[in-house]
Amino acid sequence: MSRKFWISTESAVFLISRRGSMTVKTTRKTVDPYIILKSRDLIKLLSRSVPLPQAVKILDDDKACDIIKIGNQVRNKEIFVKRRQRLIGPNGNTLKALELLTKCYILVQGNTVATVGSFKGIKKVREIVLDCLRNVHPVYHIKELMIRRELEADEKLKNESWDRFLPKFHKKNFKKPKAPKRKQKEYTPFPPEQMPSKVDLQLESGEYFLKPEERVRREAEKKKQMQNENSALKQEKRKAAFIAPDESSKPVEASSPSQDLASLKERISKKAKLQGTSLSKAKKDSVSDYISKNAK
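In this text, all values refer to a predicted model and were calculated from it rather than measured experimentally.

## Concerning the sheet that holds strand 5 (residues 105-109)
1) Next: One open sheet accounts for three strands, arranged 4-6-5; its pairing is antiparallel. The sheet is open, and its two edges are formed by strand 4 (64-69) and strand 5, each paired on a single side. For this sheet, the mean inter-axis angle between neighbouring strands, taken without regard to orientation, is 15 degrees.
2) Next: By the bridge criterion, six bridges tie strand 4 to strand 6 (residues 112-117) in an arrangement that is antiparallel.

Written as structure tokens, this is what we have:
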């Protein structure tokens, strides 16, 4: 036996059975025939998991609904899931902000977004949802809606243009680096030559006809030869560290004391200039006398 639920209004009665069927019946109080279309919208909202208290609001005259299809907006499934989650936001905060600013109920379910609210709010929600799937973050729209809300409260700016207050976001298209062009190989109808196998190489060297004992002996000799070569190279590297470098036979020129004094004067004067003090002639003479005394 199937359970039945009744939703009664002044102009229509809805019968919802547990099997999934829904029927609409008019009453004697029905005056507006448009209630039939409203009931159709109510059935659509309920089939998309909209809660009953929110779906019943569609029966009011100043309320409307819109079901936005978002499944065919993005081809890649991973990108689609990320952008849909961007619309919901962390813990549903982005969706709550949109509901408060647009005064509409929004439900993201599968490949559709169901909205219930005023005509103006539904139009804005559709624009935000489609822009989100075109890779425009809903935060930009939220910022614009908040500014509009503040401007509406100001009576002085009611009859003026709000373009100077609204933010203008430009989409930046960054050029991707071009992949280097690969050189096309010359077309040849003949396949490449086959590489010689291990058996072919053994046949060429004559190793294939040797006895197993002789093969083992040859392999051991090859290994020993390689070890000797490697050990010789290592010994050469070790000996190179103990070889004394060639000493240059150029005589070292002894610098005269007068040259040393001149170089010291230049250094001291440069340091004084860096510190912001200029040495006078008397100071230079005193410095030279001081150096000559200490040198003696």
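## Topic: helix 3 (residues 77-88)
1) Next: Taking 1.5 Å of rise per residue, twelve residues should cover 16 Å, and helix 3 covers 17 Å from first to last C-alpha, within 8% of that figure.
2) Next: Of the residues making up helix 3, those classed as buried are F80, R83 and L87. Buried residues in helix 3, looked at end-on, bunch into an arc of 70 degrees, giving them a common side. Exposed and facing more than 90 degrees away from the buried side of helix 3 are E78 and K82.
3) Next: Tucked into the core, helix 3 has its buried residues touching helix 4 (93-102), strand 5, strand 6, helix 5 (119-133) and helix 6 (138-153).
4) Next: The residue sitting at the N-terminus of helix 3 and contributing the capping side-chain oxygen is N76; that oxygen lies 3.3 Å from the backbone nitrogen of E78.
5) Next: After helix 3 finishes, the residue G89 shows a positive phi value of roughly 85 degrees.

## Section: unusual backbone geometry
1) Next: The residue S49 is not glycine, and still its phi comes out positive at about 65 degrees.
2) Next: With respect to the helices and strands, the residue S49 is situated in the loop between helix 1 (35-47) and helix 2 (52-55).
3) Next: Residue S49 is classed as partly exposed on the basis of its relative accessible area of 46%.

## A word on helix 6
1) Next: The end-to-end C-alpha distance of helix 6 is 23 Å, a good match for the 22 Å that 16 residues give at a rise of 1.5 Å each.
2) Next: Within the sequence span of helix 6, burial applies to P138, H141, I142, E144, L145 and L151.
3) Next: On its buried side, helix 6 packs onto helix 3, helix 4 and helix 5.

## Some remarks on the packing of helix 4 against helix 6
1) Next: Where helix 4 meets helix 6, the closest approach of the two axes is 10 Å, and the angle between their N-to-C directions is 30 degrees. By the angle class used here, helix 4 and helix 6 are roughly parallel. For the pair helix 4 and helix 6, the crossing hand works out as left-handed. On helix 6, the residues touching T94, A97, L98, L101 and T102 of helix 4 are P138, I142, L145, M146 and R149.
2) Next: Looking at the contact of helix 4 with helix 6, its residues break down into seven nonpolar, two polar and one charged.

About the cut-offs
- Residues numbered from 1 in each chain as written.
- Predicted model: local features only at pLDDT ≥ 70, side-chain atom pairs only at ≥ 80, totals over all residues.
- Heavy atoms only, no water.
- Pairing = 2+ DSSP bridges.
- Helix = DSSP H or I, 4+ residues; strand = E, 2+ residues; numbered from the N terminus.
- Axes fitted to C-alpha atoms, helices over the stretch in contact; angles between N-to-C directions.
- Expected span 1.5 Å × (residues − 1).
- Buried < 20%, exposed > 50% of the residue type's maximum accessible area, 1.4 Å probe, protein only.
- Arc of directions from axis to C-beta.
- Contact = heavy atoms within 4.5 Å.
- Polar contact = N/O pair within 3.5 Å; in protein donor to acceptor, adjacent residues only side chain to side chain.
- Parallel < 35°, antiparallel > 145°, perpendicular 65-115°, else oblique.
- Left-handed = near helix turned anticlockwise from the far one by under 90°.
- Nonpolar A, V, L, I, M, F, W, Y, C, P; charged D, E, K, R; others polar.

Geometric descriptors of this kind do not, in isolation, establish any biological role.
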